[in-house]
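Observations on the model geometry
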Amino acid sequence: MNVGSAPQRTCIACRRKADRDELTRFVIRPGQHPAIVHDVSATLPGRGAWAHPDETCLIKALTTASFARAFRTKVTASDLPRLDDEPNENG
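An account of the accompanying structure is given in this report.

Definitions and limits used
Residues numbered from 1 in each chain as written. Predicted model: local features only at pLDDT ≥ 70, side-chain atom pairs only at ≥ 80, totals over all residues. Heavy atoms only, no water. Helix = DSSP H or I, 4+ residues; strand = E, 2+ residues; numbered from the N terminus. Buried < 20%, exposed > 50% of the residue type's maximum accessible area, 1.4 Å probe, protein only. Contact = heavy atoms within 4.5 Å. Arc of directions from axis to C-beta. Polar contact = N/O pair within 3.5 Å; in protein donor to acceptor, adjacent residues only side chain to side chain. Phe/Tyr/Trp six-rings, centres within 6.5 Å; stacked < 30°, edge-to-face > 60°.

Attention shifts here to the environment of A13. One can find A13 in the loop between strand 1 (8–10) and strand 2 (17–19). On the basis of relative accessible area, A13 is assigned to the buried category, the value being 5%. Residues A13 and S66, spaced 53 residues apart in sequence, show a C-alpha to C-alpha distance of 6.1 Å. If we skip the residues at most four places from it in the chain, A13 touches C57, K60, A61 and S66.

Here helix 1 (residues 55–63) has its buried residues at C57, L58 and A61. Along the axis of helix 1, the buried positions cluster into a sector of 100 degrees, meaning they face one direction only. In helix 1, those exposed residues whose orientation departs by more than 90 degrees from the buried face are E55, T56 and T63. Lining the buried residues of helix 1 we find strand 3 (24–28), strand 5 (48–51) and helix 2 (66–71). Sitting at the amino-terminal end of helix 1 is D54, which places a side-chain oxygen 3.2 Å from the backbone nitrogen of T56.

Before going further, it helps to spend a moment on the packing of aromatic side chains. Counted according to the given criterion, the structure contains two aromatic pairs. For the pair F67 and F71, a centre-to-centre distance of 6.1 Å together with 15 degrees between the ring planes defines the contact as stacked. Here F67 and its partner F71 are both found in helix 2, four residues apart, which amounts to about one turn of the helix. Taking the relative accessible area as the measure of exposure, F71 reaches 7% and is therefore buried. Among the aromatic side chains, those forming a connected cluster through ring pairs are F26, F67 and F71.

Encoded structure:
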């Protein structure tokens, strides 16, 4: 890694690498509905899944097994975040 370069993450939908600040983070929070929540500050504990914040990648992540693969667990439709909710704070 070069000195001064930003941390790299892989989008769970398109599988392209990007700087961490170009992606949005999701975490799984058992016992809540939806169980997968947008981590606005990227500081919530637990395994994170990263996706580009554009509509194409988010829809692909929601309609394929991207979240299940990223979290290494079974994910149901009720666990998934909704696209129409624009979060302004964690969870």
